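Coordinate inspection notes
The residues making up each chain are set out below.
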Amino acid sequence: MAAYGQDMGGLQIFVTLRRGREYPPKTVDVRVKYEEDVKTLKKRVESKTGVPSERLQLFWGDKELVGPYNDCTMDRLDMHTGFALNGYDLTAPPHYVPPVKLDTWKDNKIRHFDGKEESFDNMVLPEVTGFRIVG
């Protein structure tokens, strides 16, 4: 138990990572400060889990923390101690929970791990593994 006013290293953020179909998912807690950004958060998760930060797919609510979110601070995202992020360890093909409903994504494309992009119209269901939605 920390004494009143003692600095514990910042906000305590819980991150739950799923890897493929492995169960149970791995949950770690990381400490970040309000002024630190999402890239720093990913580096802290990397140091706790051993998963390279470029192979982490983190979600906060319904937002994937990539692109413009990488430079956002915890303060700007309004994250506080006790917040939980969900994510996927992309060192193995992900098993998305809940599953992606393909009929709702007809205008989007998917990006395979090898970087190749194609639309859903060209795919059959058994081929759809290990992808990210790009809009």
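Note that the coordinates shown come from a computational prediction; the quantities given were computed from them, not determined experimentally.

Basis of the calculations
Residues numbered from 1 in each chain as written. Predicted model: local features only at pLDDT ≥ 70, side-chain atom pairs only at ≥ 80, totals over all residues. Heavy atoms only, no water. Helix = DSSP H or I, 4+ residues; strand = E, 2+ residues; numbered from the N terminus. Expected span 1.5 Å × (residues − 1). Buried < 20%, exposed > 50% of the residue type's maximum accessible area, 1.4 Å probe, protein only. Arc of directions from axis to C-beta. Contact = heavy atoms within 4.5 Å. Salt bridge = Lys/Arg side-chain N within 4 Å of Asp/Glu carboxyl O. Pairing = 2+ DSSP bridges. Axes fitted to C-alpha atoms, helices over the stretch in contact; angles between N-to-C directions. Polar contact = N/O pair within 3.5 Å; in protein donor to acceptor, adjacent residues only side chain to side chain. Phe/Tyr/Trp six-rings, centres within 6.5 Å; stacked < 30°, edge-to-face > 60°. Lys, Arg positive; Asp, Glu negative; His and termini not counted.

**Describing helix H1 (residues 38–49)**
Its 12 residues place the ends of H1 16 Å apart at the C-alpha level, agreeing with the 16 Å of an ideal helix rising 1.5 Å per residue. For H1, every residue scored as buried is listed here: Val38, Leu41, Lys42, Val45 and Thr49. Take H1 and look down its axis: the buried residues cluster within an arc of 100°, on one side only. On its buried face, H1 is in contact with strand S1 (11–18), strand S2 (26–32), strand S3 (56–60) and strand S5 (84–89). Backbone geometry just downstream of H1 places Gly50 in the positive-phi region, at approximately 85°.

**A few points about unusual backbone geometry**
Of note, the bond from Tyr23 into Pro24 is cis; its omega dihedral lies within 30 degrees of zero at 0°. Within the secondary structure layout, Pro24 lies in the loop between S1 and S2. A positive phi is found at Asp78, a non-glycine position, where the angle reads about 60°. Tracing the sequence through the fold places Asp78 in the loop between strand S4 (63–64) and S5.

**Some details on the pattern of salt bridges**
Think of it this way: side chains of opposite charge can pair up when their charged atoms draw near. Scanning all chains against the criterion turns up 6 salt bridges. One salt bridge in this structure joins Glu22 and Arg19, with 2.9 Å as the shortest N-O distance. A salt bridge links Glu46 to Lys43; the shortest N-O distance between them is 3.7 Å. Taken as a pair, Glu46 and Lys43 lie in helix H1 at a separation of 3 residues, close to a single helical turn. Taking relative accessible area as the criterion, Glu46 reaches 25% and is therefore assigned partly exposed.

**Thoughts on the sheet that holds S2**
Judged by pairing direction, the sheet is mixed, and its 5 strands sit side by side in the order S2-S1-S5-S3-S4 without closing on themselves. With partners counted over all chains shown, the strands left at the sheet margins are S2 and S4, one partner each. Across the sheet, H1 is in contact with S1, S2, S3 and S5; its angle to S2 comes to roughly 130°.

**Concerning the environment of Arg55**
Within the secondary structure layout, Arg55 lies in the loop between H1 and S3. Judged by relative accessible area, which is 27%, Arg55 ranks as partly exposed. It is 5.0 Å that separates the C-alpha atoms of Arg55 and Leu90, two residues lying 35 residues apart in sequence. Within the structure, the side chain of Arg55 is placed 2.4 Å from the backbone oxygen of Leu90, a separation counted as a polar contact.

**With respect to the packing of aromatic side chains**
One pass over the structure, following the stated rule, counts 2 aromatic pairs. Between the aromatic rings of Phe59 and Tyr88, the centroid separation amounts to 6.2 Å while the plane-to-plane angle is 85°, which identifies the pairing as edge-to-face. Linking Phe59 in strand S3 with Tyr88 in strand S5, this pair joins segments that are 29 residues apart in sequence. Note on Tyr88: relative accessible area 6%, which makes it buried.

**Section: the side chain of Asp37**
Inspection of the secondary structure assignment puts Asp37 in the loop between S2 and H1. No salt bridge is formed by the buried Asp37; the nearest opposite charge belongs to Lys39, separated by 4.4 Å. Other than its neighbours up to four places away in sequence, Asp37 contacts Asn70, Asp71, Cys72, Thr73 and Met74.

Note that every value here comes from positions in space, so none of it alone points to a role or purpose.
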